[in-house]
Amino acid sequence: MESLAKVIGVIHISAAIALSNGIFTTFGQSKVACQAIESIARQPEAANDIRSAMFVGLAMCETSGIYGLLIAIIMLFANPLLEKLISLIG
Amino acid sequence: MNLNIDNLWVLNVAGIEVWITETIFNTWIIMAFLIVLALIARLKLKSFKEIPTGAQNVIELVVEIFDNFATETLGEKLSYISPWYFMVFVYLLSCCLFSIFGFRAPSADWATTFALAFASFSLMIIMGFKHRKGEYLKGFFTPHFIFFPMNLIGELAKPVSLSFRLFGNMLSGTIILTLYYGLTPLFVQFGIPVFLHAFFDVIFGAIQTYIFVIISLMYVSGAASD
């Protein structure tokens, strides 16, 4: 029982680490939005083009954050290495 | 709201178990709704006039907006595939709006998003071969044939990243709403979740639908136009 608790703890910590890439994702997205707002303020007539380009850029930046989320979910609910981890720690 | 995808019933087709999951069932509901809408639009088409009124206005407006959008991204020559992406757009949007009613959105299942992304990927390859023939194959070996493995991985990553992006976004909304419904007492579960639904289902769903379609269109135009 104790080894299972240890395994669950390790899995949760690793999921949290996987999610922590959200820091950098958010930072990158903020830079994209910041530049887009700046260029819209400079050239308001090009606002529509800049907005659509901004959305595509934001989506591209978001991909790494989404991968982190998926890795965290796979670790928590469908861990392929669970047996190995239990035998290693227990 | 549930994190797991429930299995509703199991069919036996020629000795093979076919699982009818919540996703498939919800997809059928959305399909029925969209087919009925399409049939109504088709029946209305007979009574269309030169000067539009009422429902004709709405139908023409929607189709025209999407056609212009596809033509802008793809160019005049390739815009004949825009009906397929119109279907993808409407389907994904109704998936997101479906989860407002408390059901699980079909796009919060990787099977649905991967099917759509794989269709985009196949369409990209077919359009590339159709419009550029040998040139498209040659593109894998530029700038030098050593780069072939890298180009191949880059191409194969396209459907995966396309499907994971949509799936992850829809799943994150589902997870947050499930946590909210699971952790809060009953008296705050009326009224307040409206804002969460509006943010995670309507806004995120609309943005991700737009992005899915525009990135697919960009892949197709990148493969097919030189």
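Everything discussed here concerns the structure shown above.
In this report, we go over the structure that sits alongside the text. Computed from a predicted structure; not experimentally measured. (Residues numbered from 1 in each chain as written. Chains lettered and ligands numbered in written order. Predicted model: local features only at pLDDT ≥ 70, side-chain atom pairs only at ≥ 80, totals over all residues. Heavy atoms only, no water.)

**So, unusual backbone geometry**
Residues and elements named next belong to chain B. Even without being glycine, Ala14 reaches a positive phi, approximately 55 degrees. Inspection of the secondary structure puts Ala14 in the loop between strand 1 (7-13) and strand 2 (16-21). Positive phi, normally seen in glycine, also occurs at Lys133, with a value near 50 degrees. Given a relative accessible area of 54%, Lys133 falls into the exposed group. (Helix = DSSP H or I, 4+ residues; strand = E, 2+ residues; numbered from the N terminus. Buried < 20%, exposed > 50% of the residue type's maximum accessible area, 1.4 Å probe, protein only.)

**Points about the packing of helix 1 (residues 2-19) of chain A against helix 4 (residues 82-89) of chain A**
All names here are of chain A. One can describe the packing of helix 1 onto helix 4 by two numbers: an axis separation of 9 Å at closest approach and a directional angle of 125 degrees. Regarding the angle of helix 1 to helix 4, the classification is oblique. Note that helix 1 runs across helix 4; the crossing there is right-handed. Touching Ser3, Leu4, Lys6, Val7, Val10 and Ile11 of helix 1 are Leu82, Leu85, Ile86 and Ile89, all from helix 4. The residue inventory of the contact of helix 1 with helix 4, partitioned by class, reads eight nonpolar, one polar and one charged. (Axes fitted to C-alpha atoms, helices over the stretch in contact; angles between N-to-C directions. Parallel < 35°, antiparallel > 145°, perpendicular 65-115°, else oblique. Left-handed = near helix turned anticlockwise from the far one by under 90°. Contact = heavy atoms within 4.5 Å. Nonpolar A, V, L, I, M, F, W, Y, C, P; charged D, E, K, R; others polar.)

**Overview of the interface of chain A and chain B**
Facing the 13 residues of chain A at the interface are 17 residues of chain B. With both sides pooled, the region where chain A packs onto chain B buries about 1300 Å², and carbon together with sulfur makes up 79% of that total. Area buried by chain A at its contact with chain B is led by Phe55, Val56 and Leu70 of chain A, which between them contribute 31% of it. At the junction of chain A with chain B, the criterion picks out zero salt bridges. Classifying every residue of the side of chain A that touches chain B gives 10 nonpolar, two polar and one charged. (Buried area = accessible area lost by both parts, 1.4 Å probe. Salt bridge = Lys/Arg side-chain N within 4 Å of Asp/Glu carboxyl O.)

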